Structure formats: structure tokens, C-alpha cells
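Given next are the chains, with one letter for each unit.
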Amino acid sequence: AQRVTQPEKLLSVFKGAPVELKCNYSYSGSPELFWYVQYSRQRLQLLLRHISRESIKGFTADLNKGETSFHLKKPFAQEEDSAMYYCALSNTDKLIFGTGTRLQVFP
Amino acid sequence: GAGVSQSPSNKVTEKGKDVELRCDPISGHTALYWYRQRLGQGLEFLIYFQGNSAPDKSGLPSDRFSAERTGESVSTLTIQRTQQEDSAVYLCASSWGGISYGYTFGSGTRLTVV
């Protein structure tokens, strides 16, 4: 069965520290993976897609098919990065979401 | 419109009553999705519309749940005989070019069944 696992419910770091939000998936096929972010009192929004191989707000994510992972990374966290982050997997006609990780960045 | 609009933003209803939740997608977005998010849990897929048809309704949890979409725009999600376990945030999203381009989400309807 297709599944997305985000093992950490909460990740707390200090400003300037590196951040890695973990995401593992199970999927039989070629996956498309995404990271979505929800800032406080805002809507859930797309952060980045693995097919774009882009860096958004300093975040990057690399698809590792061998480890079935799509971890989200940022070398130097900022306070404004505090938010809920959801990893998602495309399954034909819909997205399957993980349970999310709350990132707290302390000053 | 400028974004995906959902109404009401909050709904408190008594157990056993029916509720109707509305979603106005972005104009021109042919795909529309409903998700449910219970407290502390991830987003749970409910149903997907492509135009007016629903090729995937596999996530609807029971026959108390139904949804329709008219005119390739507005969609309504109806929950009949609400139960306390239906309490959740119901999110709507739309997309113009398929999943690869990502979804645009609404702000959700918070449903509380008392």
C-alpha cells in the first residue's frame, strides 16, 4: 500500500542550525513527491516538488529511491520557518499525505 | 476567484443532524479534491472530481458522506446524520493541470459535532 511516513511530530532547533525533516514513503512505481507547508493561521501551500529540483526559501529535498526517502533540508533555519510541514506522495489521481512535522525555530 | 474559498469556516452541529460544506475552486481548475484532517492526524483523502464527474470516491468513509460538483465549479460535501467522529477540518483543494503542479488549498471548514 502507498504510504508516507513522517516519524517526527515535532522538531525544535535554534536559529541558524541545520534542519532536516524526515519523510519516507512506500510506493510501487515511480513516485512523485512534494512538500507542503502550513504557517500559523495560513492555508496549506505547496513548498516544493521533487520533479522541479528547486530550492524554495532555502529548502531542498532530494529523492532517494534506494532509501525511499524525501527528506527536507535547510542549512540555516530561520524563525520564520516555524510551521507544519507535510510530505506528500502522488498516487495516480490524488496526493497521499504524511501526518506532518511541526518545526519550531527558537531565536 | 483569487483562491479556493470554503464555507462556512466553522460549523457546530448536533449529533444526528445533516451538514453541507461548500467549496469554490479557482476558476478554470478542473480538478477538485476533498480531504479531512482530524486533530493531530494527517490529511485523509475523501473524493476527487475531474470536471463534474468523480472518478475516485474511494476515501468517503461511509454512505453518510456524499459530494457533488456542478458546472465544473462549486462542490458541496454533505454529511448526513453526523457523528462525533466526523469532527474534523474539511479541506478542499483544486488544481488546473493535474497533481504534478500541486494543489491550491482552501482554508478549510472546522466541523464540530456535539
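Residues numbered from 1 in each chain as written. Chains lettered and ligands numbered in written order. Predicted model: local features only at pLDDT ≥ 70, side-chain atom pairs only at ≥ 80, totals over all residues. Heavy atoms only, no water.

**Re the nonpolar core**
Residue and element names in this part refer to chain A. Counting 25 residues, the largest nonpolar core has Trp35, Leu72 and Tyr85 as its most contacted members. Elements that contribute at least two residues to this core include exactly strand 2 (10-14), strand 3 (19-21), strand 5 (33-38), strand 6 (45-49), strand 9 (83-91) and strand 11 (101-106). Here the element with the most residues in this core is strand 9; it accounts for four residues. (Core = buried A, V, L, I, M, F, W, Y, C linked by side-chain atoms within 4.5 Å. Buried < 20%, exposed > 50% of the residue type's maximum accessible area, 1.4 Å probe, protein only. Helix = DSSP H or I, 4+ residues; strand = E, 2+ residues; numbered from the N terminus.)

**Focus: the interface of chain A and chain B**
Counting from both sides, the interface comprises 18 residues of chain A and, opposite them, 21 residues of chain B. Buried surface at the junction of chain A and chain B, summed over both partners, amounts to about 1,600 Å²; 55% is from carbon and sulfur atoms. Of all residues in chain A, A:Arg43, A:Asp93 and A:Lys94 give up the largest surface area on contact with chain B, accounting jointly for 36% of the area buried on that side. Linking chain A with chain B are one salt bridge, by the criterion used here. Linking chain A with chain B are six residue pairs in polar contact (both at pLDDT 80 or more). Elements with a minimum of two residues in the side of chain A that touches chain B: strand 5, strand 6, strand 9 and strand 10 (94-97) of chain A. For the side of chain A that touches chain B, the element with the most residues is strand 10 of chain A, which contributes three residues. (Contact = heavy atoms within 4.5 Å. Buried area = accessible area lost by both parts, 1.4 Å probe. Salt bridge = Lys/Arg side-chain N within 4 Å of Asp/Glu carboxyl O. Polar contact = N/O pair within 3.5 Å; in protein donor to acceptor, adjacent residues only side chain to side chain.)

**Notes on the sheet that holds strand 7 (residues 60-61) of chain A**
All names here are of chain A. Pairing is antiparallel across the open sheet formed by three strands, whose spatial order is 3-8-7. Two strands lie at the open edges of the sheet, namely strand 3 and strand 7, each paired on one side alone. The pairing of strand 3 with strand 8 (residues 72-74) spans three bridges and is antiparallel. Bridging from a neighbouring strand, Val19 pairs with Lys74 of strand 8. (Pairing = 2+ DSSP bridges.)

**Topic: the pattern of salt bridges**
A full pass over the atoms with the stated rule returns seven salt bridges over all chains. One salt bridge connects A:Lys94 with B:Asp56, and the closest N-O pair in it is separated by 2.8 Å. With A:Lys94 in strand 10 and B:Asp56 in strand 6 (residues 53-56), this residue pair bridges two chains. Judged by its relative accessible area of 12%, A:Lys94 is buried. For the salt bridge of B:Arg36 with B:Glu44, the shortest nitrogen-to-oxygen distance reads 3.0 Å. A residue is classified by how much of its surface remains accessible, and B:Arg36, at 2% relative accessible area, is buried.

**Examining the sheet that holds strand 7 (residues 65-69) of chain B**
All names here are of chain B. One open sheet holds the four strands; their spatial order is 1-3-8-7, and the pairing between them is antiparallel. Sheet topology places strand 1 (5-7) and strand 7 at the edges, where each strand pairs with a single neighbour. Each neighbouring strand pair of the sheet contributes to a mean axis angle of 15°, computed without reference to strand direction. (Axes fitted to C-alpha atoms, helices over the stretch in contact; angles between N-to-C directions.)

**As for the state of the cysteines**
Any covalent bond linking the sulfur atoms of two cysteines counts as a disulfide. Residues and elements named next belong to chain A. Going through the model one piece at a time under the given rule, you end up with two disulfides over all chains. The disulfide that involves Cys23 links it to Cys87, with 2.0 Å between the sulfurs. Residues Cys23 and Cys87 are joined by a disulfide whose S-S torsion is about -65°; by sign, that bridge is left-handed. Here the residue Cys23 occupies a position in the loop between strand 3 and strand 4 (24-26), and Cys87 occupies one in strand 9, the gap between them amounting to 64 residues. The buried category is assigned to Cys23, whose relative accessible area is 0%. (Disulfide = S-S within 2.5 Å.)

**Overview of the side chain of A:Arg49**
Along the chain, A:Arg49 falls in strand 6. For A:Arg49, the side chain forms a polar contact with the side chain of A:Ser52, separated by 2.9 Å. Other than its neighbours up to four places away in sequence, A:Arg49 contacts A:Leu33, A:Phe34, A:Glu54, B:Ser100 and B:Tyr101.

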